[in-house]
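# Coordinate inspection notes
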Amino acid sequence: MSKAKNNLCSVLLKEHFGEVVQKIGTLLMKKGSMPLRLLIIDSKLPLQKVKKALCVLIQHNLVEFKVGSRGFPEYTLLTDNALLLLRYPRYIYNAKTLYGDTGELIIEELLTNGQMTMSAVVGKVTLRLSEATESGVSVNQVKDVFVKLVETQFVQRCSVLQSFDAEKPVAPTMNVYEKEMYLIPEIKLHLIRKSEGSDEPPAKKRRVETQEDKQPDEDIYWRVNFDRFHHYLRDQALITAASRRLGPKAADILRTILRLAETRSDPWAPTTCCVSQQEVFEAVVKETNIVKPEIPPYLSVLTEDSASLLSKVEDRGGGVYTVTTYKALQQLVEAIIMSVVEDRFGSKCCRIFRLLLMKKYLEQKQIEDLAMIPAKDTKEYTYKLFQEKFLNAHEVPRTMDHAPSRTFFLFYVNISQVCRMVVERCYKAAHNAISRQEWETRENKRLLEKQQRVEAIIATLRENSADQTQIDEVEEMITPPERAQLSHTKSVVNKLERSQLQLDETMFILTLFINFRK
Amino acid sequence: MTEDGKEVSDMQVDLETRIIQLCQQNPNGVTDKLMQAEISGTTVKERAHGLNRLLSQDRLEILKQGKQLLYRLKTSDNSQKVKGADNEEKIVYQIIEDAGNKGIWIRDIRFKSNLLLTQVNKVLKSLEGKKLIKAVKSVSASKKKVYMLYNLEPDRSITGGAWYSDQDFESEFVEVLNQQCFKFLQQKLMTAREATNDPISERNASYASSKDIWKFINELGISKVTLSAEDIEAILDTLIYDGKVEKTIVASQVTSGSTGGMTRLYRAVEPLIESTGLMRLPCGVCPVMEECQEGGAISPSNCLYMKQWLDY
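A few points on the structure. Just so it is clear, the structure is predicted and the values come from calculations on it, not from any experiment. (Residues numbered from 1 in each chain as written. Chains lettered and ligands numbered in written order. Predicted model: local features only at pLDDT ≥ 70, side-chain atom pairs only at ≥ 80, totals over all residues. Heavy atoms only, no water.)

Turning our attention to the sheet that holds strand β5 (residues 155–157) of chain A. Within a beta sheet, neighbouring strands are joined by backbone hydrogen bonds and run either parallel or antiparallel to one another. All names here are of chain A. Across the sheet, three strands lie side by side as β4-β8-β5; this open sheet has antiparallel pairing. In the strand order of this sheet, the two ends are held by β4 (116–117) and β5, each with one partner. Relative to strand β8 (residues 221–224), β4 is paired through two bridges, and the arrangement is antiparallel. Bridge assignment links Thr117 to a residue of β8, and that residue is Tyr221. (Pairing = 2+ DSSP bridges. Helix = DSSP H or I, 4+ residues; strand = E, 2+ residues; numbered from the N terminus.)

Here it is in structure tokens:
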């Protein structure tokens, strides 16, 4: 856990859950695991607020608790999960591309609430969809999408209460049963439909407390399966790379192979499980408009490409293929780091860096000769990269006294170290982007509030069907310079938000690679 | 030598001619044993005296083979060249000759000859005046001069090959060639993409051998010096390190320009990603990232780079 990472977590908690949660979260990061008592003392917040903050964090799976050595429950912040807050828009977007608006809303609800019962999700999404569209969507349709999301494991059950000793109420043990992880419970759709019709659904629920009207899935909570999403996002990254390198058709074929392999192999193994050529043929022809004779050439191009996305492991049955995820990921990571080096130090430095990556260990003189850069410049570039810790030097002394004049200095690249360094920079950059965004909104707070007020007034006027002149009059309360300032702020905030998403993309691939190497 | 000449007895002259004859018969050298057997009727002392005289006249040279000594006739043209020179010049010439086309540094000449610097300088000057040796500037150290025989072509390590003119690395020339080679390969890739839909033939059509590229560069006429195919391959290698090109080697019929039945093929490739997310905001290239701190002199809220980028 680095300082940059903690800072980023802290601003993310503030952005999503407010200042109290941020305070508790920062405290937990600073001190590691802590019991409630100490949290109250250190934060100087009232018990109720601390409890509430912890509840929020537990609800979102950001804090875990277990009984500490002293017999008190201790709380620990899961920083890696907190960083995922940055990626929420991507999860929602991908759910939309996969399962349409309904999928988008289901994932959105689950993400904003942390965990929910199936009946609650289905009810809420149906309500929101019917508000948004005229025609409305039936409960059944929403339920089907939810079931599909569970079947494809994008949504999973939360851990359930296993035992709670009422005599010694310390901390409950939670457990997840793997068999039940993706088991769909019975829910009574007619109850949702009924509450949908009435104007005050919560009130109605409180009134009827009979066994008949209760949802049967009351204690089965669901949450988003981040790992599954990461798996999907990783595959997407590979497919995009294939598309850039070899065109859209190759990307389609790779997508099909990844999908075929996805259900049967361990998602985080260095290679996916094998897929035979026959399977590829059938699936590709069925799903895309690529005809069968076109496939073998693409397969051979994919396997022979230097990016090594696909590899042929066996010749039987016309060939058995696996996707070499680890290798492909490494290529992507190298490409990212190259891009960093190139943009920061220029293309000549990038040449030296890639040269060292390819040839492993080289002396200064060899770098000069191979990169064909004048000796003086090469020295400058190499030392610059060395200074910024992108290169390491290995000393090979010719004599025992390690005298510099009689020592070979071999330069080399330690890819995982560089990777961590770039991730750190990403954390800091993301922190900076969020702080800047916060600062921009704070600076223009008065103006933004004014705009909100004006919009509210206009909305009420419209509802009361006031004349156009009256509306125009209210609109003019915002002067043209103010309007320009507002549009500027809006574009600034957009830009910063976009850059956060792009930063997250870089971070995603790099952290994935680091985890792979562990 | 002439002083000695008066005292030379007939016998000694006879001995010397016999030694020379023997050496002429065995151009690879004569061992002591052989000499003893062939030139009978002389004592060891007499033979040694005769050999020493020949050596001092520079007509013989001594070589060591294992533990044995070999005597060999000196090739006449070498001794001819330095004829009329004094002993020091001869020694220095010898040292320079041994260094071959790599040349030798003046300091090393001094160490090997055990002469004083002023003496060596004088000798070198006179040898240079006679056009027996020349001084060549080395590319690895611009102030370092090395000496070699006048008629030798300096080694690549001294001149640096095609990429150097007057000890300066022609970085612009390399850069232009680098760009031209890439342009050629990229055009090839484009035409290959347009020509066909089949991925394999597309890939094959986008390859160009180093010989093709060499021809293209020669026809462009950007280079004043003639470049060899190896020079072009060195340029293409830099493109590989730039990540713009990939290389494969295929077996082919033995033709000129390919080494050992192998042809090196090159093709342009698209990078796997566009510039990464980190680099799309100023923090990616920020030089003062370490000092950046909320509330500090440099902070995200008062960042100049950020302001310029956001106002853009």
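Okay, back to it.
Bringing unusual backbone geometry into the picture now. All names here are of chain A. Despite not being glycine, Gln153 shows a phi value in the positive range, around 65°. With respect to the element layout, Gln153 can be found in the loop between α8 (139–151) and β5. Positive phi, normally seen in glycine, also occurs at Lys360, with a value near 65°. With respect to the helices, strands and loops of the structure, Lys360 is situated in the loop between α16 (347–359) and β12 (362–363).

Residues and elements named next belong to chain B. Spatially, β1-β3-β2 is the arrangement adopted by the three strands of the open sheet, whose pairing is antiparallel. Each edge of the sheet is formed by a strand with only one pairing partner; in this case those strands are β1 (30–31) and β2 (60–65). As judged from the two bridges shared by β1 and strand β3 (residues 68–73), these two strands associate in the antiparallel manner. The partner of Thr31 across the bridge, within β3, is Leu70.

So, about the pairing of strand β11 (residues 262–268) of chain B. All names here are of chain B. Of all seven residues in β11, five are buried, a share of seventy percent or more. Inspection of the sheet shows strand β9 (residues 208–209) paired to β11 by two bridges, in the antiparallel sense. Looking across to β11, one finds that Ser209 is bridged to Leu265. (Buried < 20%, exposed > 50% of the residue type's maximum accessible area, 1.4 Å probe, protein only.)

This part is about the packing of aromatic side chains. Enumeration over the complete set of coordinates arrives at 15 aromatic pairs over all chains. Here the aromatic rings of Phe386 of chain A and Phe411 of chain A are separated by 6.0 Å at their centres, their planes lie at 85°, and the arrangement is edge-to-face. Taken together, the positions of Phe386 of chain A in helix α18 (residues 375–387) and Phe411 of chain A in strand β14 (residues 407–412) put the pair 25 residues apart, joining distant regions of the chain. One aromatic cluster is present, formed by Tyr88, Tyr91, Phe154, Phe226, Phe229 and Tyr232 of chain A through successive ring pairs. When the ring centre of Phe508 of chain A is taken as origin, the NZ or CZ atom of Arg90 of chain A, which lies over that ring, is 5.5 Å away. Above the face of the Phe182 of chain B ring, Lys244 of chain B is positioned so that its terminal group lies 5.1 Å from the ring centre. (Phe/Tyr/Trp six-rings, centres within 6.5 Å; stacked < 30°, edge-to-face > 60°. Lys NZ or Arg CZ within 6 Å of the ring centre and 35° of its normal.)

Time to look at empty space enclosed by the protein. Residues and elements named next belong to chain A. This structure, assessed with the given rule, holds four cavities of 30 Å³ or more. Considered as a void within the structure, the largest cavity measures approximately 90 Å³ in volume. Lining the largest cavity, in full, are Gln59, His60, Asn61, Tyr88, Leu110, Leu111, Gly114, Gln115, Arg223, Val224 and Phe226. Those elements giving two or more residues to the lining of the largest cavity turn out to be α6 (88–113) and β8. Broken down by class, the residue content of the lining of the largest cavity amounts to five nonpolar, five polar and one charged. (1 Å grid on protein atoms, 1.4 Å probe; cavity = no way out; pocket = protein on both sides within 12 Å on 5 of 7 lines; lining within 4 Å. Points joined across faces, edges and corners; volume = space filled by probe spheres on them. Nonpolar A, V, L, I, M, F, W, Y, C, P; charged D, E, K, R; others polar.)

Before going further, it helps to spend a moment on the nonpolar core. Within the largest apolar cluster, 153 residues are counted, with the highest numbers of intra-cluster contacts made by Ile107, Phe146 and Ile253 of chain A. Counting 23 residues, the second largest nonpolar core, distinct from the first, contains Phe182, Ile213, Ile232 and Leu239 of chain B. (Core = buried A, V, L, I, M, F, W, Y, C linked by side-chain atoms within 4.5 Å.)

Contact residues are listed per partner, giving 52 residues for chain A and 52 residues for chain B. Both sides of the chain A and chain B interface together cover about 4,600 Å² of buried area, and 60% of this is carbon and sulfur. When the buried area of chain A at its contact with chain B is split by residue, Arg244, Met372 and Arg436 of chain A rank highest and sum to 17% of it. Our count for the chain A to chain B interface comes out at three salt bridges. (Contact = heavy atoms within 4.5 Å. Buried area = accessible area lost by both parts, 1.4 Å probe. Salt bridge = Lys/Arg side-chain N within 4 Å of Asp/Glu carboxyl O.)

Another aspect to go through is α16 of chain A. The α-helix winds at 3.6 residues per turn, so residues separated by three or four positions along the chain end up facing the same way. Residues and elements named next belong to chain A. Taking 1.5 Å per residue, 13 residues should reach 18 Å; α16 reaches 18 Å between its end C-alpha atoms and fits that length. When α16 is considered as a whole, its buried residues turn out to be Cys349, Cys350, Arg351, Ile352, Phe353, Arg354, Leu355, Leu356 and Leu357. Count one or two residues on from α16 and you reach Lys360, which has phi positive near 65°. (Expected span 1.5 Å × (residues − 1).)

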